[in-house]
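Secondary and tertiary structure notes
Take a look at the letters that make up each chain.
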Amino acid sequence: MDHARIIRTVLGVTAAYLIALGAWLGWIVPLTPPGTVPLQVITLVGLFGTFLGLGMLLAQRPTRADRKLRRHGLEGWANIEAVHPLQRTDHCTEITELDLELVVPGSETYYGSIVFDVEPVVKPRITVGGTLSIRVDPTNRDRIMLCL
């Protein structure tokens, strides 16, 4: 989860809501029939929740660069040579450094390491000698994406 994108989304939606609330209080409330203000408040709160949820949903999408790499990256595989757990996180995952032998058909084999947030569901696949599917940026071989 990209916490920075989530925070920016929450702040943006909240700022837009406060602007809409100010406009509603200043211009719309005096023009509405009596007795309809509670329904309008409920509608405004509901719209705030809806836009906040949609914004957070869109903020969780992979970045444009990651989507482009997934679409246009070169397919290959990585053989895991070493696994170095670095630290446990507070959300049941483990930050782990993987030493990899990277193989992309049509080019020579090269070696690299990545730091990866290993979830419990994929931990059995992250073992020494295991093979993972990867995508490699054709213009920058140092930029890889694990496809789990």
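Our subject is the structure that appears above.
Every residue gets a number counted from 1 within its own chain, in the order that chain's sequence is written. A pLDDT threshold of at least 70 governs which residues receive local features in this predicted model, and a stricter bar of 80 or more applies before side-chain atom pairs are shown or counted, although totals over entire chains, interfaces and linings include all residues. As a convention, hydrogens and water are excluded, and side-chain values are obtained from all of the structure's heavy atoms.

What follows deals with the pattern of salt bridges. Basic side-chain nitrogens of Lys or Arg form a salt bridge, by our definition, when they fall within 4 Å of a carboxyl oxygen of Asp or Glu. Applying the stated criterion across every chain yields a total of three salt bridges. Note that Glu94 and Arg88 form a salt bridge whose closest N and O atoms lie 3.8 Å from each other. Throughout this description, buried means an accessible area under 20% of the type-specific maximum (1.4 Å probe, protein chains only), exposed means over 50%, and partly exposed covers the range between. Under the relative-accessibility criterion, Glu94 is labelled buried at 14%. For the salt bridge of Lys123 with Glu94, the shortest nitrogen-to-oxygen distance reads 2.9 Å. Residue Lys123 is found in the loop between strand S3 (110-118) and strand S4 (131-136), and its partner Glu94 is found in strand S2 (residues 94-103); the two are separated by 29 residues along the sequence. Secondary structure elements are defined from DSSP: runs of H or I of at least 4 residues count as helices, runs of E of at least 2 residues count as strands, and each element is numbered from the N terminus.

Another point: the pairing of S3. Criterion used throughout: strands pair if DSSP finds at least two bridges between them. Here nine bridges tie S2 to S3, and the two strands are oriented antiparallel to one another. Each bridged residue has a counterpart across the sheet, and for Glu101 the counterpart in S3 is Tyr111. Hairpin connection from S2 to S3: six residues lie between these consecutive antiparallel strands, with Gly106 at a positive phi of about 95°.

Before going further, it helps to examine the side chain of Asp137. Following the sequence through the fold, Asp137 ends up in the loop between S4 and strand S5 (144-147). Contacts described as polar in this section are N or O atom pairs within 3.5 Å, which, within protein, must combine one atom able to donate a hydrogen with one able to accept it, while residues neighboring in sequence count only if both atoms come from side chains. Only 3.0 Å separates the side chain of Asp137 from the side chain of Thr139, close enough to count as a polar contact. Whether two residues are in contact is decided by their heavy atoms, any of which lying within 4.5 Å being enough. Not counting residues up to four positions away in its chain, the partners in contact with Asp137 are Leu69 and Arg143.

On to a nonpolar patch on the surface, then. Patch building starts from residues that exceed 30% relative accessible area and form no salt bridge, then joins like charges within 9 Å and nonpolar side chains (Val, Leu, Ile, Met, Phe, Trp, Tyr) within 5 Å. Residue-level accessible areas treat just the shown protein chains as cover; the underlying method is Shrake-Rupley with a 1.4 Å probe. On the surface, Leu47, Phe51, Leu54 and Leu57 cluster together to form a nonpolar patch covering roughly 400 Å² of accessible area. For Leu57, the position within the fold is in helix H2 (residues 37-59). According to the relative accessible area criterion, Leu57 is exposed, its value standing at 56%.

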